[in-house]
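Results of the structural survey
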Amino acid sequence: MKTLTIQVTVNGEAFCKTVGVNMTLLEFLREELHLTGTKLGCNEGECGACTVLVDGKPVNSCLMLAVEADGAEIFTVEGLAKDGTLHPLQEAFIEAGAVQCGFCTPGMLMSAKALLDKYPKPTAQQIRKELEGNICRCTGYDRIVKAIILASEMNKEG
Amino acid sequence: MLPQFELYRPTNLLEACRLKAQGAVVVAGGTDVYVAMHGGKLRPQALVDIKGIADMQEATYDQNSGLTIGALTTHRTIEEWELVKQKYYALFEGCSQVGSVQIRQRGTIGGNICNGAPSADSVGPLLVFGAECLVVGEKGQRKVPLAGFFTGPKKTILADDELLYKILVPPPAPNSASAYIKYTRRRAMDLALLGVSIYLALDKSRIEELRIAFATAAPTPMRAYQTEAKLRGKDYRSISLADIGKMAAAEANPRSSWRASREFRLRLLEQLVQQAFTTALQRAEGGDL
Ligand SMILES: Cc1cc2nc3c(=O)[nH]c(=O)nc-3n(C[C@H](O)[C@H](O)[C@H](O)COP(=O)(O)OP(=O)(O)OC[C@H]3O[C@@H](n4cnc5c(N)ncnc54)[C@H](O)[C@@H]3O)c2cc1C
Ligand code: FES
Ligand code: FES
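Calculation criteria
- Residues numbered from 1 in each chain as written.
- Chains lettered and ligands numbered in written order.
- Predicted model: local features only at pLDDT ≥ 70, side-chain atom pairs only at ≥ 80, totals over all residues.
- Heavy atoms only, no water.
- Domains from an automatic or database assignment.
- Contact = heavy atoms within 4.5 Å.
- Salt bridge = Lys/Arg side-chain N within 4 Å of Asp/Glu carboxyl O.
- Polar contact = N/O pair within 3.5 Å; in protein donor to acceptor, adjacent residues only side chain to side chain.
- Nonpolar A, V, L, I, M, F, W, Y, C, P; charged D, E, K, R; others polar.
- Near = heavy atom within 4 Å.
- Helix = DSSP H or I, 4+ residues; strand = E, 2+ residues; numbered from the N terminus.
- Pairing = 2+ DSSP bridges.
- Axes fitted to C-alpha atoms, helices over the stretch in contact; angles between N-to-C directions.
- Buried < 20%, exposed > 50% of the residue type's maximum accessible area, 1.4 Å probe, protein only.
- Buried area = accessible area lost by both parts, 1.4 Å probe.
- Core = buried A, V, L, I, M, F, W, Y, C linked by side-chain atoms within 4.5 Å.
- Parallel < 35°, antiparallel > 145°, perpendicular 65-115°, else oblique.
- Left-handed = near helix turned anticlockwise from the far one by under 90°.

Interface size is often expressed as the accessible area that is lost when the parts come together. Residue and element names in this part refer to chain A. With domains assigned, chain A is organised as domain 1 (3-79) and domain 2 (88-153). Relative placement of domain 1 and domain 2: their C-alpha centres are 21 Å apart. Facing 16 residues of domain 1, the contacting portion of domain 2 comprises twelve residues. Our count for the contact surface shared by domain 1 and domain 2 stands at zero salt bridges. The tally of links from domain 1 across to domain 2 stands at three residue pairs in polar contact (both at pLDDT 80 or more). Looking at the side of domain 1 that touches domain 2, its residues break down into eight nonpolar, six polar and two charged.

Structure follows, in structure tokens:
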């Protein structure tokens, strides 16, 4: 087969689309669904800018076919804010100054979300280990670590 | 966009073998395959995605036979498996250091083995635990020691129709411990410039069993058989650590690459062997892991 019809849920909304089997999940999100929050950095698994959650787990969407997401629940940065209210992680990133150019931020937020689901009260060491797949060229990481600790202290739903 | 290809998604093992025999490239987690395709190094006519084959996902432990790991088991699953931490600590250390969370979430242990890279982080630990590969082809299955699986850089014994189906890892002795030391230039997201795995079983201070494996120290992952044989049965207090390091490094055949020169790797190997040996020793004497 060269095209396939897939059903995916993205940020709670169901989509049914016919796509080429050679389309990556990243291209599907950006080009088919116009969800451009998820970034294309290296296209080879190194940078983490394309990180999204597939059934709650962080993956590089550049290294996954859209058709491999058939039946899955995808969560992207666009799903974080609810009715104009920012997610605690987003609040904390602003508060701690964890964003400079912002290119890594959507991927960082997705990895951070998965991290808080796994460790609701993470240590700085756990944060650095779980975020090893997200590269930031601007902040030097310190403020990102602080932001995630701050978000965990806000003690709301991770 | 990836180059165009035909995609097959069999749920039946023999169907997958047949497609592979016809030239389709096997894809599991895709963390090696899709990178090669994005880079233009691999342009397959057809891909056969094997993730639909259910029993290749299973991973179990039995106290008599040890681990039976389906080839599709991800590094993340191994990393988060408490039993692996308790009994096969070096394997935990290997799998938990592959790439990143995202890579470990998709990348499989079967893909790590079949990709045939000398740097593969799961392979050294599996070698020292004496793992065997269950290989399935159109005509049946065979069991091959992992130590005999690699024939050259990126080359394995798999025939055109064969898939790696499961990996069998015998239970470690109760008086044993293991360690994997991965040397990298940065702390995360880097391939092993060198890797040393050790399995050590002690009877008081006598070395009952010792197995040593290296990553990125030769064209394929390798065991240091001669050093193992020389030390087996000896009192570890009668041998200097420096000698163990020298002996083991003499068995390696690393190459020079942009990551490091052969000379540097050989010197480093001496040190890493000592470090891995001491770590395993401490763990064995500590009675845990
Ligand atoms: C950013 C990044 C970082 C990485 N870091 C590391 C690292 O630190 N350490 C490390 O060891 N690796 C690393 N890798 C390599 C890769 O992630 C691992 O080798 C992984 O285990 C491959 O598994 P996979 O399921 O993704 O394999 P795939 O890409 O699906 O397949 C790999 C190869 O094996 C073949 N294959 C897969 N399964 C089978 C099977 N059951 N039977 C027969 N053939 C099969 C495929 O045809 C292909 O040739 C990294 C990769 C990336 C992109
Ligand atoms: S774009 Fe996917 S990891 Fe860099
Ligand atoms: S803020 Fe610029 S890369 Fe992270």
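Okay, back to it.
Moving on, we come to the site of ligand 1. In the region of ligand 1, 37 residues are neighbours, and Val-26, Ala-28, Thr-31, Thr-108 and Asp-121 of chain B sit closest. Mapping the residues adjacent to ligand 1 onto the chains of the assembly identifies chains A and B. One of the backbone nitrogen or oxygen atoms of Val-33 of chain B is found 2.8 Å away from an oxygen atom of ligand 1. Thr-108 of chain B is positioned such that a nitrogen or oxygen atom in its side chain is 2.6 Å from an oxygen atom of ligand 1. Listed by contribution, the elements that provide at least two residues to the shell around ligand 1 are β2 (25-27), α2 (33-38), α7 (109-114) and β10 (163-169) of chain B. Split into classes, the residues belonging to the shell around ligand 1 amount to 18 nonpolar, 13 polar and six charged.

Here we come to the sheet that holds strand β3 (residues 46-49) of chain B. All names here are of chain B. Taken in spatial order, the three strands line up as β1-β3-β2 in an open sheet, and their pairing is parallel. Strands at the two margins of the open sheet, each flanked by one partner only, are β1 (6-8) and β2. Direction aside, neighbouring strands of the sheet carry axes that sit 30 degrees apart on average. Bridging between β2 and β3 involves three bridges; their strand directions are parallel. Residue pairing for β3: Val-27 is matched across the bridge by Asp-49.

Here we come to unusual backbone geometry. The backbone of Asn-43 of chain A sits at a positive phi, close to 60 degrees, despite the residue not being glycine. Tracing the sequence through the fold places Asn-43 of chain A in the loop between α1 (25-32) and β3 (51-54). Given a relative accessible area of 21%, Asn-43 of chain A falls into the partly exposed group. Positive phi, normally seen in glycine, also occurs at Lys-204 of chain B, with a value near 55 degrees. Structurally, Lys-204 of chain B can be placed in the loop between β12 (194-203) and β13 (206-215). Look at Lys-204 of chain B and you get exposed, because its relative accessible area is 74%.

This part is about the interface of chain A and chain B. Across the boundary between the two partners, chain A contributes 31 residues, which contact 30 residues of chain B. Here chain A and chain B share an interface that buries about 2800 Å² over both sides, 52% of which is from carbon and sulfur atoms. When the buried area of chain A at its contact with chain B is split by residue, Asn-22, Leu-63 and Glu-132 of chain A rank highest and sum to 23% of it. At the junction of chain A and chain B, the tally comes to six salt bridges. Between Glu-6 of chain B and Lys-2 of chain A there is a salt bridge; the shortest N-O distance is 3.7 Å. Examining the composition of the side of chain A that touches chain B, we find that four residues originate from one element, strand β4 (residues 57-60) of chain A, more than from any other.

Ile-50, Leu-91, Ile-113, Leu-126, Leu-146, Ile-167 and Val-169 of chain B are the most contacted members of the largest nonpolar core, which totals 54 residues. By size, the runner-up hydrophobic cluster in this structure holds 36 residues, among which are Cys-50, Val-54, Cys-62 and Leu-65 of chain A.

To continue, consider the packing of helix α10 (residues 241-249) of chain B against helix α11 (residues 262-285) of chain B. Residue and element names in this part refer to chain B. Two elements in contact, α10 and α11, have axes whose closest approach is 8 Å; the angle formed by their N-to-C orientations is 125 degrees. Classed by the angle they form, the pair α10 and α11 counts as oblique. α10 and α11 meet at a crossing whose hand is right-handed. Contacts between α10 and α11 involve Leu-241, Ala-242, Ile-244, Gly-245, Lys-246, Ala-248 and Ala-249 from the first element and Leu-266, Leu-269, Glu-270, Val-273, Gln-274, Phe-277 and Thr-278 from the second. Within the contact of α10 with α11, the residues separate by chemical class into nine nonpolar, three polar and two charged.

Taken as a whole, this structure holds 26 salt bridges over all chains when the rule is applied. Residues Glu-79 of chain B and Arg-104 of chain B are paired through a salt bridge, measuring 2.8 Å at the closest nitrogen-oxygen approach. In this pair, Glu-79 of chain B is assigned in helix α3 (residues 75-79) and Arg-104 of chain B in helix α6 (residues 101-106), connecting sequence segments 25 residues apart. In terms of burial, Glu-79 of chain B and Arg-104 of chain B fall into one category: buried. Between Arg-232 of chain B and Glu-209 of chain B there is a salt bridge, with its nearest N and O atoms 2.5 Å apart. Of this pair, Arg-232 of chain B sits in the loop between α9 (225-231) and α10 while Glu-209 of chain B sits in strand β13, placing them 23 residues apart in sequence. Take Arg-232 of chain B: its relative accessible area is 34%, and that puts it in the partly exposed class. One network of salt bridges, in which partners are shared, links Lys-118, Lys-129, Glu-130 and Glu-132 of chain A together with Arg-76, Glu-79, Glu-80 and Arg-104 of chain B.

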